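Structure at a glance
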Amino acid sequence: MKKNKTFNLVIVGYGGQGVITLAEIIANAAFAQGYEVKQTENHGLSQRGGLLECHLRFGQEVFSPLVKRGGADLIISLDLFDAFSSLNYVNKKKTIILTNSEIFSPYPFKEISPKKIIPFLKKISKKLILVPTLKLIGNISKETSMINTLILGYALGKKLLPIKKKFILKAMTEKIRPQFLEKNKKIFDLGIQVAKKH
Amino acid sequence: MELIRKDLPKALLLGNEAIVRGALESGLSFATTYPGTPASEIGDTISKIAQELGIYFEYSSNEKVALEAAGGAGFCGLKSLVAMKHYGLNVALDSLLPLVYLESPFVIVAADDPGCFSSVQTEQDSRWFSKIGFLPTLEPADSAEAKEMTKFAFFLAEKYKIPVLIRMTTRVCHSRSTVKFSKIIPSRKKGKFLKFPYQATATDTVNRHKKLLKKIEKIKKESEKTKFNYFLKNKSNLGVISSGVCFLYVKEAIKELKIKASIFKIGMSFPFPEKRISQFIKNLDQVLIVEEVEPIIENEVERIAKRINPSLKIYGKNLLPKYGEIKPEDVLFALAKISKNIQTIINLEEQQRLLRGIKIEKRFPTFCPGCPHRATFFTIKKVLGEKVVFGGDIGCYLLGSLPPFKMSDFIVAMGAGIGVSYGISKATDEKPVIFIGDSTFFHAGLPALINLVWHDGNVLVIILDNKITAMTGGQPHPGEVIKIEDLMKACGVKSYEITNVYNLKETSEKIKKLYSQKGVSVLIAQGECRLLKIRKLARQGVVWPRFEIIKQSPKLEELKNFSCPAIRKKKGKYLIDENLCWGCGFCQQLFPENIKIKL
Ligand SMILES: Cc1ncc(C[n+]2csc(CCOP(=O)(O)OP(=O)(O)O)c2C)c(N)n1
Ligand code: SF4
Ligand code: SF4
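A brief report on the enclosed structure follows. Since the structure is predicted, the reported quantities are computational estimates derived from the model, not experimental observations.

The next point concerns the overall build of chain A. A tally of regular secondary structure across chain A gives seven helices and six strands. Listing every helix and strand of chain A by position from the N terminus yields β-α-β-β-β-α-β-α-β-α-α-α-α. Dimensions of chain A along its principal axes, counting C-alpha atoms only, are 45 × 40 × 40 Å. Counting across all 198 residues of chain A, residues that qualify as buried make up 63%. Considering only contacts in chain A between residues 6 or more positions apart, those separated by 24 or more positions represent 66%. Accessible surface computed for chain A: about 8100 Å², of which carbon and sulfur atoms make up 53%. In chain A, 33 positive and 14 negative side-chain charges are present, and the distance between their average locations comes to 8 Å.

Another aspect to go through is the sheet that holds strand β13 (residues 286–290) of chain B. All names here are of chain B. Read from one edge to the other, the open sheet built from five strands follows the order β9-β11-β10-β13-β14, with strand pairing classed as mixed. Strand pairing shows two members of the sheet lacking a second neighbour, β9 (230–232) and β14 (313–315), which therefore form its edges. The average angle at which neighbouring strand axes cross in this sheet is 20 degrees, direction not considered. Inspection of the sheet shows β13 paired to β14 by three bridges, in the parallel sense. Within β14, the residue paired with Gln286 across the bridge is Lys313.

Let us now look at the layout of surface pockets. By volume, the second largest pocket amounts to about 910 Å³. Along the walls of the second largest pocket sit 33 residues, with Lys68(A), Gly70(A), Gly71(A), Lys94(A) and Glu256(B) positioned nearest its centre. Contributing elements (two or more residues each) for the lining of the second largest pocket: β1 (6–14) of chain A together with α9 (246–257), α12 (328–338) and α13 (342–355) of chain B. In terms of residue class, the lining of the second largest pocket is made up of nine nonpolar, eleven polar and 13 charged.

Residues and elements named next belong to chain B. Within this structure, the stated rule accounts for 24 aromatic pairs over all chains. Consider the rings of Tyr230 and Phe247, whose centres lie 6.2 Å apart with planes at 80 degrees: the pair is edge-to-face. Of the two residues, Tyr230 is situated in strand β9 and Phe247 in helix α9; the sequence distance between them amounts to 17 residues. Members of the aromatic cluster, connected to one another through ring pairs, are Phe367, Phe377, Phe390, Phe405 and Phe435. Positioned over the ring face of Phe117 is Arg171, at 5.5 Å from the centre of the ring. Directly above the ring of Phe247 sits Lys265, whose terminal nitrogen or CZ lies 5.6 Å from the centroid.

Below, the discussion takes up the sheet that holds strand β18 (residues 495–500) of chain B. All names here are of chain B. Strands sit in the order β15-β16-β17-β19-β18 across an open sheet of five strands; the sheet is parallel. Of all the strands in the sheet, just β15 (390–391) and β18 have a single pairing partner and so form its edges. Sheet analysis places strand β16 (residues 433–437) next to strand β17 (residues 460–465), joined by five bridges and oriented parallel. Of the residues in β17, the one forming a bridge with Ile436 is Ile463. Packing of helix α15 (residues 416–427) onto the sheet brings it into contact with β15, β16 and β17, and relative to β16 it is tilted by some 165 degrees.

What follows deals with the site of ligand 3. Residues and elements named next belong to chain B. Residues in contact with ligand 3 amount to 14 residues; listed here are only the nearest, Cys564, Cys581, Cys584, Gly585 and Cys587. When atom positions are compared with the pocket grids, ligand 3 is found to occupy the second largest cavity. Classifying every residue of the shell around ligand 3 gives eleven nonpolar, three polar and no charged.

Glancing now at the pairing of strand β10 (residues 238–243) of chain B. Residue and element names in this part refer to chain B. The element β10 is extensively covered by neighbouring structure, given that six of its six residues are classed as buried. Here β10 shows a buried face lined by Leu238, Val240 and Ser242 and a second buried face lined by Gly239, Ile241 and Ser243. When β10 meets β13, the two strands line up parallel, connected through five bridges. Within β13, the position partnered with Val240 by the bridge is Leu288. Pairing of β10 with strand β11 (residues 262–266) involves five bridges; the strand directions are parallel. Of the residues in β11, the one forming a bridge with Ser242 is Lys265.

Okay, empty space enclosed by the protein next. All names here are of chain B. Evaluation of the coordinates by the stated rule reveals eight cavities of 30 Å³ or more. Of the volumes computed, that of the second largest cavity is approximately 80 Å³. If you go around the second largest cavity, you meet 14 residues; those closest to its centre are Cys564, Cys581, Gly583, Cys584 and Cys587. Here the lining of the second largest cavity is composed, by residue class, of eleven nonpolar, three polar and no charged.

Criteria and thresholds
Residues numbered from 1 in each chain as written. Chains lettered and ligands numbered in written order. Predicted model: local features only at pLDDT ≥ 70, side-chain atom pairs only at ≥ 80, totals over all residues. Heavy atoms only, no water. Helix = DSSP H or I, 4+ residues; strand = E, 2+ residues; numbered from the N terminus. Buried < 20%, exposed > 50% of the residue type's maximum accessible area, 1.4 Å probe, protein only. Contact = heavy atoms within 4.5 Å. Areas by Shrake-Rupley, 256 points an atom, 1.4 Å probe, with all protein chains shown as cover. Lys, Arg positive; Asp, Glu negative; His and termini not counted. Charge placed at Lys NZ, Arg CZ, Asp CG, Glu CD. Pairing = 2+ DSSP bridges. Axes fitted to C-alpha atoms, helices over the stretch in contact; angles between N-to-C directions. 1 Å grid on protein atoms, 1.4 Å probe; cavity = no way out; pocket = protein on both sides within 12 Å on 5 of 7 lines; lining within 4 Å. Points joined across faces, edges and corners; volume = space filled by probe spheres on them. Nonpolar A, V, L, I, M, F, W, Y, C, P; charged D, E, K, R; others polar. Phe/Tyr/Trp six-rings, centres within 6.5 Å; stacked < 30°, edge-to-face > 60°. Lys NZ or Arg CZ within 6 Å of the ring centre and 35° of its normal. Near = heavy atom within 4 Å. Sits in = over half its atoms within 2 Å of the grid points.

Following this line, the structure appears as structure tokens:
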């Protein structure tokens, strides 16, 4: 990353997906790498299921914790549906959207087709990258609870985050409960490998 | 916990955690709170370390009591702190104002919520209370300041014998940034109450008022010299005055626009640093004031400018949002306008134009799978229909006001559901049904219930007894030691029932009975917060049962009105997502032939 640059990251997803954990891992890794870091999160009203939005900015000198409108370098979305609600931060000239290709519909009795969302995201961003999480994780585990670390690995594998792997691993070790750590690391590595191949 | 590790020189901390660190570095000995987001993590953090550090900590039954306790400990010389969200200050105000007269030194942290991310009542600005109550007030911009200002607050409180207010906002509470650590000062176990002759006579009160005004004049001098009120001078006729997180947006905007401007950062907004502001604005042509929510600093600057620099052009709420959270782009826009940076304005407007007309669908919050409140709302709607007047209150159950239930005709403030329903019952022939959570009931529902009994209101009160203060993250409440049914007896409620909300038949019958009676009736609707329960089970490694749909049928469509997020319809088929099912079994009671426990 260039010296004077501030990296602007927005992470979205819904409650229960580990959105804040992901933001904290990246924040701590950036901090350990020597950047000045500002991170902030919007909680919704409820414990579960509501939209979560985290902002993370790092660089040599950072003031605001909030990414400004149209200011994101990277948007990580843990659900395709929620990528849609990060539009405010997208900028055609620079924003890359890295998103889970799956949709968990907020309406239990109504399916939502990715076809409605994907072309639109493509149109407004510089680049849209879809991660087929279900297919990838399915090979290792039935759980969908590690989408956050999978996409993190993917972002690293694609060199979308100017942070070194060793700092990410250190932050993961600090943030993830020991009994889940090994599995998460495996998924994280899988993300890196797949990204390199894609 | 990072916050108290001795080997770390610095760490990334939330604003709320930084407050705690600042308190620890001041010798915190006594802390109370009633939970409320965005302030909740202050109490929750202290609760985790209190024992280890020998600090007395409690979740109190409401903010008024919490503040009174901190005031009492302050009288005894203990470093004490009370934390709450902004509405808490409304509740505590009655005791707070006299404690200022009575010179108790303690620190109050109140968190405002511009943008109402976790508030539904009002979008209020706690800084008005600084003026009403003569409360020295600090406004941190980030975590580093939150820590330093907390230390300064304890210093002021002790030096001047006065409660000091730290006004946080959601953005500061919930942002992480670097905090440098200094030494933690050990807590003190016990203080000493020195008897003092505070007779409550009217002349005494007037005298104390007089004394307080003098004291505020002295504290004003602190405000003039504190490092938290400072300016960065620049050769420019444009100035910007800001407080809180807005200061960071100002710096960001000035950097981006590459303009020259002098900046005044207000960290202590009451008493107002009048002299320094006078110096600052004396030679300016234009000034922009950036603050959340109300134009409090702006009004002060206007007042001073009339005397010092009448031709000064003052911008503030005429260029910036008067409600909602201020965003970095709002400040950028305002400064671009003032500095006539057309290109930036065009870019910002262009970006906004791109989004115009697009309906951004945002995911909305719902009850957790297996939530006891969902079962309660569903059963009551099934029994009583939609026409009844439904009163709401504050807690997870306010989601009952949303589809598919739409069962709150009004939500006012904690405990107010009972009082307002009572008024409606007196003014009409209705028997309103009011939903109130257990924590909310203990907080402010009890006096309203007593009034209801005393004056024979015609109301059915549903106490949603989920054993926890769920909405704010799962804090305990007085239900740990006091049984709600014992209170019913003591309050003279003749007609009350206890039900297990997961039992459809039992609850339906009890609702029918209680609703048909005239006068006060109460249903204690028991069902443990499912999130709490599942967390417990997961920690113990216990696997809870999952349910599955074994027989499809068109009548399962009714489950749409139940809206458990685990029950889904895909390609015309109903199914239960086993990753989401939290095994409450309620859906099985509705369709025993179609839904079975998974073996
Ligand atoms: C005066 C005041 N203090 C705190 C809050 C924050 N708050 C919102 S809901 C809630 C408690 C809800 O607990 P309970 O009534 O038990 O309902 P639950 O969320 O458990 O369903 C609190 C403390 C508030 N809105 N007003
Ligand atoms: S946190 Fe508890 S009370 Fe709140 S919605 Fe979830 S299960 Fe219900
Ligand atoms: S048992 Fe039924 S109602 Fe309860 S959580 Fe599972 S699917 Fe939802």
